[in-house]
Amino acid sequence: MIVRKTPAELEKMRAAGMLVYRILQELSGMVKEGVTTLDLENVAEKMMKDAGARPAFKNYFVPAVGQRYRFVLCTSVNDEVVHGLPSARRVLQPGDIVKIDTGVELNGYFGDSAVTVPVGSIAPQLQKLLDVTRDSLELAIQQVRAGNRLFDVCAAVEQHVTTNGFGIVREFVGHGIGTQLHEEPQVPNYVDRKNENPRLKEGMVLAIEPMVNAGKPETRVGSDKWTAKTKDGSYSAHFEHCVAVTSNGPWVLTRP
Ligand code: MF3
Ligand code: CO
């Protein structure tokens, strides 16, 4: 069942979403040569605490791994796709890209968002990967309207990424969000005809999160049991927003 939120509930999700936005803005500004991914983690954790929010990822049980996650951020660098573990040993270098993914629970409601940030200047073809991934999310957001169907959202990502020749990750998907970090429905970045294709209705909220590889789509989980990397070593980009269906069209809860 897809839970629909009242306008008052959407306002609470907005508050959670804007806290996530502020955190990602702060961390994006910190990204520079020599900064470690643990530095980002520590700032994010303090901002959550100061705001009276609970980190949504820390202690979150992930069935596929069979463990609880131990950090407030996922920081995935270059060929790492998702669930990169913040570490004092992971020192950012010029030409890297770092995916910062985080979520909070504030007053019972969740927000979840991710950005890919370049470290210094990056190669033009890598910039194109970031642009195509971000644009695919924007095109998907435009489909979050009452009367459309879930597959309209999924197809928007798939078409844009495929047209540009990049690989769509299939093992990780977006999701509904509300009083739980992960609610129904699953939101794959491609049309999965095995799934249902519900009509979108006012009050539904989707976390849309394209994960796009410069090369082939396949991923592999590393020896830490968490970090998923591209199999072919190509770099991967990730952007995520929470988007509500309203009578005025899509409302992106995780940005101003
Ligand atoms: N990256 C996932 C998402 O955006 C959530 C992280 S799972 C956790 O939905 F293990 F990090 F908590
Ligand atoms: Co998410």
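These numbers were taken from a predicted model, which means no experiment stands behind them.

Enquirer: Quick question: what am I supposed to make of the overall build of the protein chain here?
Expert: Secondary structure assignment for the protein chain yields four helices and 17 strands. Against the 2.2 N^0.38 benchmark of 18 Å for 256 residues, the protein chain shows a C-alpha radius of gyration of 17 Å, consistent with a compact globule. Seen through its principal axes, the protein chain has C-alpha atoms that stretch 45 × 45 × 35 Å. Of all 256 residues assigned to the protein chain, the portion counted as buried reaches 53%. For the protein chain, the proportion of contacts with a sequence separation of at least 24, taken over those separated by at least 6, is 70%. For the protein chain, the accessible area works out to roughly 11,300 Å², and carbon and sulfur atoms hold 50% of it.

Enquirer: Please explain the nonpolar core as it appears in this structure.
Expert: Within soluble globular proteins, side chains that are nonpolar generally end up buried alongside one another. In terms of nonpolar packing, the biggest core is built from 33 residues, with Val153, Leu206 and Ile208 touching the most fellow members. Within the residue set of this core, elements represented by two or more residues are helix 3 (124-141), helix 4 (150-163), strand 11 (205-208) and strand 16 (241-246). When residues in this core are grouped by element, the largest group, eight residues, is from helix 4. Sequence-distant contacts of Ile208, that is, excluding residues within four places in its chain, are made with Leu137, Ala140, Ile141, Val144, Val153, Phe239, Glu240, His241 and Val243.

Enquirer: Help me out: how do you make sense of the environment of Asp192 in this one?
Expert: Mapping Asp192 onto the fold places it in the loop between strand 10 (183-187) and strand 11. For Asp192 and Met48, which are 144 residues apart along the polypeptide, the C-alpha to C-alpha distance reads 35 Å.

Enquirer: What's the story with the site of ligand 1 in this structure? I'm lost.
Expert: In the neighbourhood of ligand 1, 13 residues make up the surrounding shell, with Asp101, His175, His182, Glu209 and Glu240 lying closest. Between ligand 1 and His175, the relevant distance is 2.9 Å, taken from an oxygen atom to a side-chain nitrogen or oxygen of the residue. Residue Glu209 places a side-chain N or O atom 3.1 Å away from an oxygen atom belonging to ligand 1. Within the complex, 95% of the 330 Å² of free accessible area of ligand 1 lies under protein. Cavity membership is defined here by more than half of the atoms lying within 2 Å of grid points; on that basis ligand 1 lies in the largest pocket. Of the residues in the shell around ligand 1, the class split is six nonpolar, three polar and four charged.

Enquirer: Sorry, what's going on with the side chain of Asn189 here?
Expert: You can see Asn189 is positioned in the loop between strand 10 and strand 11. A polar atom in the side chain of Asn189 sits 3.1 Å from the backbone oxygen of Glu209.

Enquirer: I keep staring at the coordination of the cobalt ion (ligand 2) and nothing clicks. Help me out?
Expert: Put simply, a metal with four donors set out as a tetrahedron has ideal angles of 109.5 degrees, and one with six donors set out as an octahedron has ideal angles of 90 or 180 degrees. Donor atoms from the polypeptide that coordinate the cobalt ion (ligand 2) comprise Asp112 (OD), His175 (NE2), Glu209 (OE) and Glu240 (OE), at 2.0 to 2.3 Å from the metal. For the cobalt ion (ligand 2), the six donor atoms in the first shell make angles of 56 to 173 degrees at the metal, so the coordination geometry reads as irregular. Sequence positions of the donors to the cobalt ion (ligand 2) reduce to the motif D-x62-H-x33-E-x30-E. Of this pair, His175 sits in strand 9 (residues 174-176) while Glu240 sits in the loop between strand 15 (236-238) and strand 16; the two residues are 65 residues apart in sequence, bridging distant segments of the chain.

Enquirer: What's the story with the side chain of Ser136 in this structure? I'm lost.
Expert: Assignment of secondary structure puts Ser136 in helix 3. Residue Ser136 is classed as buried on the basis of its relative accessible area, which comes to 0%. Here Thr133 takes part through its backbone oxygen, which lies 2.7 Å from a polar atom of the side chain of Ser136. Those residues in contact with Ser136 that lie beyond four places of it in its chain are Val157, His160, Val161 and Pro210.

Criteria and thresholds
Residues numbered from 1 in each chain as written. Chains lettered and ligands numbered in written order. Predicted model: local features only at pLDDT ≥ 70, side-chain atom pairs only at ≥ 80, totals over all residues. Heavy atoms only, no water. Helix = DSSP H or I, 4+ residues; strand = E, 2+ residues; numbered from the N terminus. Rg over C-alpha atoms; globule rule 2.2 N^0.38 Å. Buried < 20%, exposed > 50% of the residue type's maximum accessible area, 1.4 Å probe, protein only. Contact = heavy atoms within 4.5 Å. Areas by Shrake-Rupley, 256 points an atom, 1.4 Å probe, with all protein chains shown as cover. Core = buried A, V, L, I, M, F, W, Y, C linked by side-chain atoms within 4.5 Å. Near = heavy atom within 4 Å. Polar contact = N/O pair within 3.5 Å; in protein donor to acceptor, adjacent residues only side chain to side chain. 1 Å grid on protein atoms, 1.4 Å probe; cavity = no way out; pocket = protein on both sides within 12 Å on 5 of 7 lines; lining within 4 Å. Sits in = over half its atoms within 2 Å of the grid points. Nonpolar A, V, L, I, M, F, W, Y, C, P; charged D, E, K, R; others polar. Donors = N, O, S within 2.8 Å, 3.2 Å for Na, K, Ca; no water. Tetrahedral: all angles 85-135°; square planar, octahedral: opposite > 155°, others 65-115°.

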